[in-house]
Amino acid sequence: GLKHPNAGKSLLRIAKMYGSGNGRENEELVLGYFNQTAAVLKHSNLGARERGSVLNDIAVIHMRRKEFEEAIKFLLDAIHTYDEDAVEIENAGRTTAALQVWRNLGECYTQVQKFRSAEGAFLKALQIQKDGRKLQDMAERLNLAVIGVDKPLLKLITDTSIADTICRIGKTRAAVGDHPTALDFFMQALAILHRGANNDKNRPNQELME
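Quick caveat, the model's predicted, so the values are computed rather than measured.

The rules behind each value
Residues numbered from 1 in each chain as written. Predicted model: local features only at pLDDT ≥ 70, side-chain atom pairs only at ≥ 80, totals over all residues. Heavy atoms only, no water. Salt bridge = Lys/Arg side-chain N within 4 Å of Asp/Glu carboxyl O. Helix = DSSP H or I, 4+ residues; strand = E, 2+ residues; numbered from the N terminus. Buried < 20%, exposed > 50% of the residue type's maximum accessible area, 1.4 Å probe, protein only. Axes fitted to C-alpha atoms, helices over the stretch in contact; angles between N-to-C directions. Parallel < 35°, antiparallel > 145°, perpendicular 65-115°, else oblique. Left-handed = near helix turned anticlockwise from the far one by under 90°. Contact = heavy atoms within 4.5 Å. Nonpolar A, V, L, I, M, F, W, Y, C, P; charged D, E, K, R; others polar. pLDDT = per-residue confidence, 0-100. Core = buried A, V, L, I, M, F, W, Y, C linked by side-chain atoms within 4.5 Å. Expected span 1.5 Å × (residues − 1). Arc of directions from axis to C-beta.

Colleague: Just to check I follow, could you spell out the pattern of salt bridges for this structure?
Modeller: Side chains carrying opposite charge are able to pair once their charged atoms draw close together. In total, this model carries ten salt bridges according to the counting rule given. One salt bridge in this structure joins Glu-70 and Lys-73, with 3.4 Å as the shortest N-O distance. Of this pair, Glu-70 and Lys-73 both sit in helix 4 (residues 68-83), three residues apart, which is roughly one turn of the helix. Its relative accessible area of 30% is what places Glu-70 among the partly exposed residues. Note on Lys-73: relative accessible area 54%, which makes it exposed.

Colleague: Can you walk me through the environment of Ser-10 in this structure?
Modeller: Mapped onto the secondary structure, Ser-10 falls in helix 1 (residues 5-19). Distance in space between the C-alpha atoms of Ser-10 and Thr-37 is 8.5 Å, their sequence separation being 27 residues.

Colleague: I tried to follow the packing of helix 7 (residues 115-142) against helix 9 (residues 159-175) on my own but got confused; where do I start?
Modeller: Axes are the key here: two packed helices are described by the angle between their axes and the distance separating the axes. Contact geometry for helix 7 and helix 9: axes closest at 9 Å, N-to-C directions at 160°. When the interaxial angle is binned, helix 7 and helix 9 end up roughly antiparallel. Of the two possible hands of crossing, helix 7 and helix 9 adopt the one that is left-handed. Packed against helix 7, whose contacting residues are Phe-115, Arg-116, Ala-118, Glu-119, Phe-122, Leu-123, Ala-125, Leu-126, Gln-129 and Arg-133, the element helix 9 presents Asp-159, Ser-161, Ile-162, Thr-165, Ile-166, Arg-168, Ile-169, Thr-172, Arg-173 and Ala-175 at the interface. Looking at side-chain class alone, the contact of helix 7 with helix 9 contains ten nonpolar, four polar and six charged residues.

Colleague: What exactly am I supposed to notice about the confidence of the model for the chain here?
Modeller: Interpreting fine coordinate detail is not advised for predicted regions of low pLDDT. Taken as a whole, the chain shows an average pLDDT of 81; of its residues, 80% reach a score of 70 or greater. Of all secondary-structure elements in the chain, the lowest mean pLDDT belongs to helix 5 (residues 86-89), at 52, while helix 9 reaches the highest, 95.

Colleague: Please explain the nonpolar core as it appears in this structure.
Modeller: Among soluble globular proteins, nonpolar side chains are generally buried collectively. In this structure, Phe-34, Ile-58, Trp-102, Leu-105, Cys-108 and Ile-166 are the most contacted members of the largest nonpolar core, which totals 46 residues. Contributions of two or more residues to this core are made by helix 1, helix 2 (27-43), helix 3 (48-64), helix 4, helix 6 (94-111), helix 7, helix 9 and helix 10 (179-195). Every residue in contact with Ile-166, bar those within four places of it in the chain, is listed here: Leu-126, Phe-185, Gln-188, Ala-189 and Ile-192.

Colleague: Sorry, what's going on with the packing of helix 9 against helix 10 here?
Modeller: Where helix 9 contacts helix 10, the two axes come as close as 8 Å, and the packing angle between them is 170°. By the angle between their directions, the pair helix 9 and helix 10 is classed as roughly antiparallel. Residue-level inspection shows Asp-159, Thr-160, Ile-162, Ala-163, Ile-166, Cys-167, Ile-169, Gly-170, Lys-171, Arg-173 and Ala-174 of helix 9 in contact with helix 10, the latter providing His-179, Thr-181, Ala-182, Phe-185, Phe-186, Gln-188, Ala-189, Ile-192, Leu-193 and Arg-195. Among the residues making up the contact of helix 9 with helix 10, the classes are represented as twelve nonpolar, five polar and four charged.

Colleague: Looking at this model, I keep getting lost on the side chain of Asn-104. Mind explaining?
Modeller: With respect to the helices and strands, the residue Asn-104 is situated in helix 6. On the basis of relative accessibility, which here comes to 17%, the residue Asn-104 falls in the buried class.

Colleague: Before we go on, may I ask you to explain the side chain of Arg-103 in this structure?
Modeller: Along the chain, Arg-103 falls in helix 6. Residues in contact with Arg-103, not counting those within four places in the same chain, are Phe-122, Ala-125, Gln-129, Leu-156, Ser-161, Asp-164, Thr-165 and Arg-168.

Colleague: Please clarify how unusual backbone geometry should be interpreted in this entry.
Modeller: Generally, phi is negative for residues other than glycine and the peptide bonds are trans, each holding for most cases. Notably, Lys-66 is not glycine yet its phi reads approximately 65°, a positive angle. By the secondary structure assignment, Lys-66 is in the loop between helix 3 and helix 4. Note on Lys-66: relative accessible area 65%, which makes it exposed. Backbone geometry places Gln-113, a non-glycine residue, at a positive phi of 60°. Residue position: Gln-113 is located in the loop between helix 6 and helix 7. Taking the relative accessible area as the measure of exposure, Gln-113 reaches 60% and is therefore exposed.

Colleague: Before we go on, may I ask you to explain helix 1 in this structure?
Modeller: Along an α-helix, residues three or four positions apart point the same way, because every turn accommodates 3.6 residues. Counted at 1.5 Å a residue, the expected span for helix 1 with its 15 residues is 21 Å, and the 21 Å between its end C-alpha atoms agrees. Ala-7, Gly-8, Leu-11, Leu-12 and Ala-15 are the residues of helix 1 that are buried. All buried residues of helix 1 fall inside an arc of 135° around its axis, so they share one side. Set apart from the buried face of helix 1 by more than 90 degrees, the exposed residues are Arg-13 and Met-17.

Spelled out as structure tokens, the structure:
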């Protein structure tokens, strides 16, 4: 029945089928199937990554609807799902999903003006980015592709992406009136963008630099 992992996989396929394309006319259907999928995965033997990814997908829909408090609930559930799975904690591929969850959580907290919580979430995301970038740089320097990060994580550890997270932290500090610390974060972001300005692979976003 609905506790069988194959049922969860089928529900997830249906959700993604209705969610394909740019329109939002099937959003309610997608949300319903995602919720059913999350419930099934909770009782199945599938890993934390799959359930965490679904919970993040649900949160993104609530974010689009500007239902940020509701999105926060699902994002916190996703983080708890990752943290309680020892195998996933040791799995480097998990960091891509976890990074997206922490960044989304920071954005939601920012939208509801819980700036201290937002800062904490963005700092978690930044640590994952720094760890991933360090690992990838070492792999490239030693020409050892096998120890690099998963491909989905590559675009999230570029100079632009890291600087963007640092800017978000700066904005949370500015929002609570701590302008000196905010300026320090913005200067850090600017330094990273200048560092990557002559690097084709990690060329920074011009709009962000401005």
